[in-house]
Amino acid sequence: MFKDMFKKTYTLIDTKYKKPVKSEEPSIPQGLWRKCNKCGQPIYVEDVKNNYYICPKCNGYFRVHAYRRIEMIIDDGTFEEWDKEIEFSNPLNFPGYEKKVQAAKEKTRLNEAIVIGKGKIKGHEAVVGVCDARFLMSSMGHIVGDKITNAVEKATEAKLPVIIFACSGGARMQEGLVSLMQMAKTSAALKKHHEAGQLFISVFTDPTTGGVTASFAMLGDIILAEPNALIGFAGPRVIEQTIGQKLPEGFQRSEFLLEHGFVDKIVEREEMKDTLASILSMHEKKEMSVEETGADVENFWNDKKSSGKSAWDTVLLSRKGDRPVATDYINAIFDDFIEFHGDRYFKDDGAIVGGIATFKGMPVTVIGQQKGKNTKDNILRNFGMPSPEGYRKALRLMKQAETFGRPIICFVDTPGAFCGIEAEERGQGEAIARNLFEMSDLKVPILSIVIGEGGSGGALAMAVANEVWMMENSIYSVLSPEGFASILWKDSKKAPEAAKVMKITARDLYEMKLVEHVISEEEPASQHNIDVIAEDISNGLTEFIKKYSCMAGEEIARLRYDRFRSM
């Protein structure tokens, strides 16, 4: 309530005579108005409630009580609360702790700092936990740890996903090392849940710090965040006092974490229920709804006589500025695409896009090397040249696909892996090698489609697949023709000649049995004919998934191994 706002009279200045005049202010019942603690403007309480507890003036997010959050997320009448009453104990006999907890109970009408239970989100059942900052800043003591662990164990047994809305100041100081042990306990329960193939969605709200950030909150298979939430291990004040430096604006906010690779997606509060429902839907076991395609999937190549294009002509076509990029094919072929971000180590790389989608009703993981469509976009995408964090993001999504049994479709289009100083500092070679190593043994089918340039190891790191298909006007090579000519002939101007002898076109590689299919381009691929090409790919993808869906994971991995072993 802002000071002196609702006095019965207040002073105005008469604009004509510049004299103070008395004016009666409308009598407003107490409690209907509040002052926004972010912008300082007066706001009507009912407007805030109807606006998902977001300030209608500055769009700032207010913290939401646990039961309010549940009302916003869970379908009416479906929430079943678990462990509502757990008897208090004071493991360190800390002076005054019991009184402090009792005061928090009376203030919040909660038993502890988290509410746990089971409910439905647009019909999709899940175990849900919501932290409430009003209760001792939602610090994690042994009861919070017990409630989370119990819920995760029940979810594992019932084969249900878990969603936890984190909000915390960290470990509860009054419980000392006992509080610290909850970090390990909750993490161990989530490890078992993960190994059982069940989904955990972690949602960061403001603030999420300390031991909660360093345990269950950062372990989501998918990590979402509300806008501008404070997220970090050590708080900003502690960091500034420790290192004696002023922190940059936006440091440790959701957007900062997204940029640095630790958050999959920032979700507006009013979109959270829909987003969670979509993610839950795509993690339910579903069979693809298929029809006979009638397509000649043995070979997409229309086996016409060569059009007379040289290898160098094909190189130029593969690099053409109006050629469709990965997201064009993703949007044309798949439904419900949700992009996920970050490698969980350092950064989100714009040169790699990836996430989950549906194909004819079946959940799939799609990943693409992404070039830009204009100068600004190309800078954002680094001209389609991935850095180590891009390959690590791709591998993270592939391992996630394996956990949940989703086929993986990769779109390859890169002149090569980025070779800058910072890429070497962060381990470009190791990142590519790790992809080759891990992809070789994934227990789900992998299809890689070269849609433009397939440059060297930077392309191969996305193409250790059960099958590799190529667009007719794409290329796949050990090195660019310019680089090849420079190394072998000391003359980059001989690139057209190099392109011919390198055997880098789709026809060359199909005849050498290094790729399985060639996708015909009656005319060079562009925005004008992408729907036709996407339909051809869709027909082939239907047959690909049908072929591998009846195989065990070990057989899928063995066939991939045999494919490369024979080369």
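As shown above, the structure is provided for reference.
Criteria and thresholds
- Residues numbered from 1 in each chain as written.
- Predicted model: local features only at pLDDT ≥ 70, side-chain atom pairs only at ≥ 80, totals over all residues.
- Heavy atoms only, no water.
- Helix = DSSP H or I, 4+ residues; strand = E, 2+ residues; numbered from the N terminus.
- Buried < 20%, exposed > 50% of the residue type's maximum accessible area, 1.4 Å probe, protein only.
- Contact = heavy atoms within 4.5 Å.
- Lys, Arg positive; Asp, Glu negative; His and termini not counted.
- Charge placed at Lys NZ, Arg CZ, Asp CG, Glu CD.
- Phe/Tyr/Trp six-rings, centres within 6.5 Å; stacked < 30°, edge-to-face > 60°.
- Axes fitted to C-alpha atoms, helices over the stretch in contact; angles between N-to-C directions.
- Parallel < 35°, antiparallel > 145°, perpendicular 65-115°, else oblique.
- Nonpolar A, V, L, I, M, F, W, Y, C, P; charged D, E, K, R; others polar.
- Salt bridge = Lys/Arg side-chain N within 4 Å of Asp/Glu carboxyl O.
- Pairing = 2+ DSSP bridges.
- Patch = residues over 30% accessible without salt bridge, like charges linked within 9 Å, V, L, I, M, F, W, Y side chains within 5 Å.
- Areas by Shrake-Rupley, 256 points an atom, 1.4 Å probe, with all protein chains shown as cover.

## Some details on the overall build of the protein chain
Then, in step 1: A count of helices and strands for the protein chain gives 21 helices and 20 strands.
Then, in step 2: Its C-alpha atoms give the protein chain principal-axis dimensions of about 90 × 70 × 50 Å.
Then, in step 3: Taken over 567 residues, the protein chain has a buried fraction of 52%.
Then, in step 4: Taking the contacts inside the protein chain whose residues are at least 6 apart along the sequence as the reference set, 71% of them involve residues at least 24 apart.
Then, in step 5: Taking the average place of the 74 positive charges on the side chains of the protein chain and the average place of its 81 negative ones, the gap between the two points comes to 6 Å.

## Some details on unusual backbone geometry
Then, in step 1: The peptide bond linking Asp206 to Pro207 adopts the cis configuration, its omega dihedral lying at -15°.
Then, in step 2: In this structure, Pro207 sits in strand β9 (residues 200-209).
Then, in step 3: If you check the backbone angles, Met137 has positive phi at about 55° while not being a glycine.
Then, in step 4: Residue position: Met137 is located in the loop between β7 (124-131) and α4 (142-158).
Then, in step 5: Look at Met137 and you get partly exposed, because its relative accessible area is 29%.
Then, in step 6: Positioned with a positive phi, Lys513 is a non-glycine residue whose angle comes to about 60°.
Then, in step 7: Overall, Lys513 belongs to the exposed group, its relative accessible area being 70%.

## A few points about the packing of aromatic side chains
Then, in step 1: Under the counting rule described, the total for this entry stands at 9 aromatic pairs.
Then, in step 2: When the centroid spacing of 5.5 Å and the interplanar angle of 50° are considered together, the rings of Trp33 and Tyr44 count as tilted. Of this pair, Trp33 sits in strand β3 (residues 33-35) while Tyr44 sits in strand β4 (residues 42-44); the two residues are 11 residues apart in sequence, bridging distant segments of the chain.
Then, in step 3: Residue classification places Tyr44 among the partly exposed positions, given a relative accessible area of 29%.
Then, in step 4: Ring plane angle 15° and centroid distance 6.0 Å describe the contact between Tyr329 and Phe411, whose orientation is recorded as stacked. With Tyr329 in helix α11 (residues 326-333) and Phe411 in strand β16 (residues 408-414), this residue pair connects regions lying 82 residues apart in the sequence. As far as the burial class goes, Tyr329 and Phe411 line up, both buried.

## Focus: the packing of helix α10 (residues 311-318) against helix α18 (residues 495-502)
Then, in step 1: It is at 8 Å that the axes of α10 and α18 come closest, and there the two elements cross at 100°. As far as their axial angle goes, α18 and α10 are roughly perpendicular. In this structure, α10 uses Ala311, Trp312 and Val315 to contact α18, whose residues at the interface are Ala495, Pro496, Ala499 and Lys500.
Then, in step 2: By residue class, the composition of the contact of α10 with α18 is 6 nonpolar, no polar and 1 charged.

## Things to note about the side chain of Glu467
Then, in step 1: Following the sequence through the fold, Glu467 ends up in strand β18 (residues 467-471).
Then, in step 2: With sequence-adjacent residues up to four places away left out, Glu467 is seen in contact with Ile446, Leu447, Ser448, Glu516, His517, Phe544, Lys547, Tyr548 and Arg563.

## Observations regarding the pattern of salt bridges
Two side chains of opposite charge can pair, provided their charged atoms sit close to one another.
Then, in step 1: Applying the stated criterion across every chain yields a total of 34 salt bridges.
Then, in step 2: The partner of Lys246 in a salt bridge is Glu240, with the nearest N and O atoms 4.0 Å apart.
Then, in step 3: By relative accessible area, Lys246 is classed as exposed at 72%.
Then, in step 4: With its nearest N and O atoms 3.0 Å apart, the salt bridge here joins Arg319 to Glu453. Residue Arg319 is found in the loop between α10 and α11, and its partner Glu453 is found in strand β17 (residues 446-455); the two are separated by 134 residues along the sequence.
Then, in step 5: Overall, the relative accessible area of 10% leaves Glu453 in the buried class.

## As for the environment of Asn382
Then, in step 1: Locating Asn382 in the fold gives a position in the loop between α12 (375-380) and α13 (388-403).
Then, in step 2: Sequence-wise, Asn382 and Lys494 are 112 residues apart; in three dimensions their C-alpha atoms are separated by 27 Å.
Then, in step 3: Dropping the residues within four chain positions of it, Asn382 is found in contact with Ser387 and Phe418.

## Overview of the pairing of β17
Then, in step 1: Of all the 10 residues making up β17, 10 are buried; the element is thus mostly covered by neighbouring parts of the structure.
Then, in step 2: Note that β16 and β17 share 6 bridges and pair parallel. Bridge pairing in β17 links Phe411 to Ile449.
Then, in step 3: Where β17 and β18 come together, 4 bridges link them in parallel fashion. Its bridge partner being in β18, Leu447 is matched across the sheet by Glu467.

## Structural notes on helix α9 (residues 272-282)
Then, in step 1: Of all 11 residues that make up α9, 8 are buried, and the element is covered over most of its length.
Then, in step 2: Restricting attention to buried positions, one finds in α9 the residues Met272, Thr275, Leu276, Ala277, Ile279, Leu280, Ser281 and Met282.

## A short note on the environment of Lys546
Then, in step 1: Mapped onto the elements, Lys546 comes out in helix α20 (residues 530-549).
Then, in step 2: On the basis of relative accessibility, which here comes to 26%, the residue Lys546 falls in the partly exposed class.
Then, in step 3: Remark: the alpha-carbon pair of Lys546 and Glu287, spanning 259 residues in sequence, is separated by 10.0 Å.

## Digging into the pairing of β18
Then, in step 1: Counting buried positions along β18 gives 5 out of 5 residues, so the element sits mostly inside the fold.
Then, in step 2: Along β18, one buried face is formed by Glu467, Trp469 and Met471 and the opposite face, lined by Val468 and Met470, is buried too.
Then, in step 3: Bridge count between β18 and strand β20 (residues 517-519): 3 bridges; the pairing is parallel. Residue pairing across strands places Met470 opposite Val518, the latter belonging to β20.

## Topic: the packing of α4 against helix α5 (residues 176-195)
Then, in step 1: In the contact formed by α4 and α5, the axes pass within 9 Å of each other and the chain directions differ by 5°. The angle between α4 and α5 places the two elements in the roughly parallel class. Taking contact as the criterion, the partners of His142, Gly145, Asp146, Ile148, Thr149, Val152, Ala155 and Thr156 in α4 are, on α5, Val178, Gln182, Lys185, Thr186, Ala189, Leu190, Lys192 and His193.
Then, in step 2: Split into classes, the residues belonging to the contact of α4 with α5 amount to 6 nonpolar, 7 polar and 3 charged.

## Details of a nonpolar patch on the surface
Then, in step 1: Among the surface-exposed residues, Leu177, Leu180 and Met181 lie close enough to one another that they form a single nonpolar patch of about 290 Å² accessible area.
Then, in step 2: Tracing the backbone through its elements, the reader meets Leu180 in helix α5.

Any link to function would need more than the numbers given here.
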